[in-house]
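One letter stands for each residue in the lines below.
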Amino acid sequence: MAIIKAIALEKAYHTEAEQVYALRDVNFEINPGDFSIINGPSGSGKTTLLNILSGIDRPSKGELYLDDLPIGQFSDSARTEIRRDKIGLIFQSFELLPVLTAAENIEYPLLLQNIRPSERRERVAAVLEQVELTQYAKRFPAQLSGGQKQRVAIARALVTKPAVVLSDEPTANLDSETGIRIVKLMLELNQKHGVAFVIVTHDLSLNQYAKRIFQIKDGVITAKEGNRC
Ligand SMILES: Nc1ncnc2c1ncn2[C@@H]1O[C@H](COP(=O)(O)OP(=O)(O)OP(=O)(O)O)[C@@H](O)[C@H]1O
Ligand SMILES: [Mg+2]
């Protein structure tokens, strides 16, 4: 069973001057264990796609299923609750809360889920170790490098044990060597823990790590030839 299944998704934005089609006829599936990369230039619809696949935003047309539930039709609060449980999100600009330490940022989604304190502590410690940030737990975001902030964002996405992590341009703010290390870390987490990853990026050098590669252009998604599965 697919974790997320999108059928004929369309997203139109209405501005005063015109109607912008950010997504057109998108058919896309995320399956358990996936490690998919979607390439697309700036403005091609990558962030729009992740916002809709995660249920942050609603499509203008089409259907979206999360674990076979038709979440496109759900209320905002119902979508938020399901997203919290099933999906980890890594945003284009990290979105860490500046007044919280690394550990507190990572703990935050667990507070929203009403997880008890002892389990929160255990889970935060476990993911900090997975992203090799244990020694930076008490630092604030402003005291961390870009790569370290990105690892905090990854840990925060993983701490709720989601079936899938959606990541928006994970290497855009990093030098190329750090970017490759971040993607290798995601691949390791995929292989060791079975978490599915979908990464959207304009950076073609990441494709070598993907199990499946797609392209998005003007809001249209196509699979690239040579996909391994
Ligand atoms: N709220 C909005 N209102 C109107 N148009 C929008 C809105 N948000 C996005 N768009 C338009 O939708 C298209 C896709 O935008 P999106 O942010 O998804 O692109 P992207 O691929 O993530 O770009 P980048 O690589 O620069 O982050 C763009 O043409 C953009 O101008
Ligand atoms: Mg974007």
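A few points on the structure.

About the thresholds
Residues numbered from 1 in each chain as written. Chains lettered and ligands numbered in written order. Predicted model: local features only at pLDDT ≥ 70, side-chain atom pairs only at ≥ 80, totals over all residues. Helix = DSSP H or I, 4+ residues; strand = E, 2+ residues; numbered from the N terminus. Rg over C-alpha atoms; globule rule 2.2 N^0.38 Å. Buried ≥ 20, exposed ≤ 12 C-beta atoms within 10 Å, placed from the backbone. Contact = placed C-beta atoms within 7 Å. Pairing = 2+ DSSP bridges. Axes fitted to C-alpha atoms, helices over the stretch in contact; angles between N-to-C directions. Arc of directions from axis to C-beta. Expected span 1.5 Å × (residues − 1). Near = placed C-beta within 6 Å. Nonpolar A, V, L, I, M, F, W, Y, C, P; charged D, E, K, R; others polar.

**A word on the overall build of the chain**
Step number 1: Across its full length, the chain holds six helices and ten strands.
Step number 2: Relative to its length of 229 residues, the chain is compact, with a C-alpha radius of gyration of 17 Å against a globular reference of 17 Å.
Step number 3: Taking the principal axes of its C-alpha atoms as reference, the chain extends roughly 45 × 40 × 40 Å.
Step number 4: Taken over 229 residues, the chain has a buried fraction of 40%.
Step number 5: In the chain, the share of contacts with a sequence separation of at least 24, taken over all contacts with a separation of at least 6, comes to 71%.

**Regarding the sheet that holds strand β3 (residues 35-39)**
Step number 1: One open sheet accounts for six strands, arranged β6-β7-β8-β3-β9-β10; its pairing is mixed. Among the strands making up the open sheet, the edge pair consists of β6 (87-90) and β10 (220-223). Each neighbouring strand pair of the sheet contributes to a mean axis angle of 20°, computed without reference to strand direction.
Step number 2: Pairing geometry for strand β9 (residues 212-217) and β10, over four bridges, is antiparallel. Bridging from a neighbouring strand, Lys 217 pairs with Val 220 of β10.

**So, helix α2 (residues 76-86)**
Step number 1: Among all positions in α2, only Arg 79, Arg 83 and Lys 86 are buried. Summarising the axial view, the buried residues of α2 lie within an arc of 80°, below the 170-degree limit, and thus occupy one face.
Step number 2: The inward-facing, buried residues of α2 abut β4 (61-66) and β6.

**Quick look at helix α6 (residues 176-193)**
Step number 1: Counted at 1.5 Å a residue, the expected span for α6 with its 18 residues is 26 Å, and the 25 Å between its end C-alpha atoms agrees.
Step number 2: Within α6 the residues assigned to the buried category are Gly 179, Ile 182, Val 183, Met 186 and Leu 189. Projection of α6 onto a plane perpendicular to its axis shows the buried side chains occupying an angular sector of 110°, all on one side. For α6, exposure combined with an orientation more than 90 degrees from the buried face picks out Glu 177, Lys 184, Glu 188, Gln 191 and Lys 192.
Step number 3: Tucked inside the fold, the buried residues of α6 contact α4 (117-130), α5 (146-158) and β8 (196-201).
Step number 4: One or two residues past the end of α6 sits Gly 194, with phi positive at roughly 75°.

**Points about the pairing of strand β2 (residues 19-30)**
Step number 1: Direction of pairing for strand β1 (residues 4-14) relative to β2: antiparallel, over a ladder of eight bridges. Paired with Tyr 13 across the bridge in β2 is Val 20.
Step number 2: Linking β1 to β2, which pair antiparallel, is a turn of four residues.

**Some remarks on the site of ligand 1**
Step number 1: Around ligand 1, a shell composed of 14 residues is seen, among which Tyr 13, Ser 42, Lys 46, Thr 47 and Thr 48 lie nearest.
Step number 2: Looking at the shell around ligand 1, the elements that each hand over two or more residues are β2 and α1 (46-53).
Step number 3: Top element by residues in the shell around ligand 1 is α1. It accounts for three residues.
Step number 4: Here the shell around ligand 1 is built from residues that sort into three nonpolar, ten polar and one charged.

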